Amino acid sequence: MPSIDALSKSDRIRVLNDNFRSTFVGGQVVITQGVDALQIDTKARVLLAVQSFSNFTKENDPHGEHDFGSFDIEGEDYFFKIDYYALDMNGGSEDPADPSVTTRVLTIMRADEY
């Protein structure tokens, strides 16, 4: 497999997003009040669903960056979204493909909180 530096910008972003989303390492994870209020076993299933999410399609992932997903747990719809901020969290990242200038923030929410 080529090094991450040899990949296109979108491919680098996708690899970084997948690594962060699947491990929750390499950024900040935020859950909304609705997710935080869930029973512990349901909350665990939601977090595991985010980490294992693989249902990316042209419709829900048009740029191929794996930065958004939606899924159902116990009849409730949930979303996750990865956003890119400057390291100081004061504005957006200049280059989401470069982890040395980017803080990734993964937000997990109930769809009705959107």
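As a reminder, the structure under discussion sits directly above these lines.
Residues numbered from 1 in each chain as written. Predicted model: local features only at pLDDT ≥ 70, side-chain atom pairs only at ≥ 80, totals over all residues. Heavy atoms only, no water.

A. Structural detail: the side chain of Arg12. Mapped onto the elements, Arg12 comes out in helix 1 (residues 9–23). Comment: no salt bridge for buried Arg12; closest opposite-charge side chain is Asp95, at 4.9 Å. A polar atom in the side chain of Arg12 sits 2.7 Å from the backbone oxygen of Leu7. (Helix = DSSP H or I, 4+ residues; strand = E, 2+ residues; numbered from the N terminus. Buried < 20%, exposed > 50% of the residue type's maximum accessible area, 1.4 Å probe, protein only. Lys, Arg positive; Asp, Glu negative; His and termini not counted. Salt bridge = Lys/Arg side-chain N within 4 Å of Asp/Glu carboxyl O. Polar contact = N/O pair within 3.5 Å; in protein donor to acceptor, adjacent residues only side chain to side chain.)

B. Geometry of the packing of aromatic side chains. Enumeration according to the criterion identifies 5 aromatic pairs in this entry. Ring plane angle 75° and centroid distance 5.3 Å describe the contact between Phe53 and Phe80, whose orientation is recorded as edge-to-face. One end of the pair, Phe53, is in the loop between helix 3 (40–52) and strand 2 (68–73); the other, Phe80, is in strand 3 (residues 76–85), and 27 residues separate them in sequence. According to the relative accessible area criterion, Phe80 is buried, its value standing at 0%. Ring geometry for Phe68 versus Phe79: centroids 5.5 Å apart, planes at 50°, classification tilted. Highlighted residues: Phe68 in strand 2 and Phe79 in strand 3, separated in sequence by 11 residues. Among the aromatic side chains, those forming a connected cluster through ring pairs are Phe53, Phe56 and Phe80. (Phe/Tyr/Trp six-rings, centres within 6.5 Å; stacked < 30°, edge-to-face > 60°.)

C. Focus on unusual backbone geometry. You will see that Glu74, though not glycine, has its phi angle at about 55°, which is positive. Mapped onto the elements, Glu74 comes out in the loop between strand 2 and strand 3. Using a relative accessible area of 54% as the deciding quantity, one classes Glu74 as exposed.

D. Expanded view of the pattern of salt bridges. For the coordinates displayed, the defined rule picks out 10 salt bridges. Here Arg21 ties to Asp18 by a salt bridge, and the two come within 2.8 Å at their closest N and O atoms. Taken together, the residues Arg21 and Asp18, both in helix 1 and 3 residues apart, mark about one turn of the helix. A salt bridge links Arg110 to Glu76, with the shortest nitrogen-to-oxygen separation between them at 3.4 Å. Taken together, the residues Arg110 in strand 4 (residues 103–110) and Glu76 in strand 3 connect sequence positions 34 residues apart. Connected through salt bridges with shared partners, the residues Asp41, Arg45 and Glu74 form a single ionic network.

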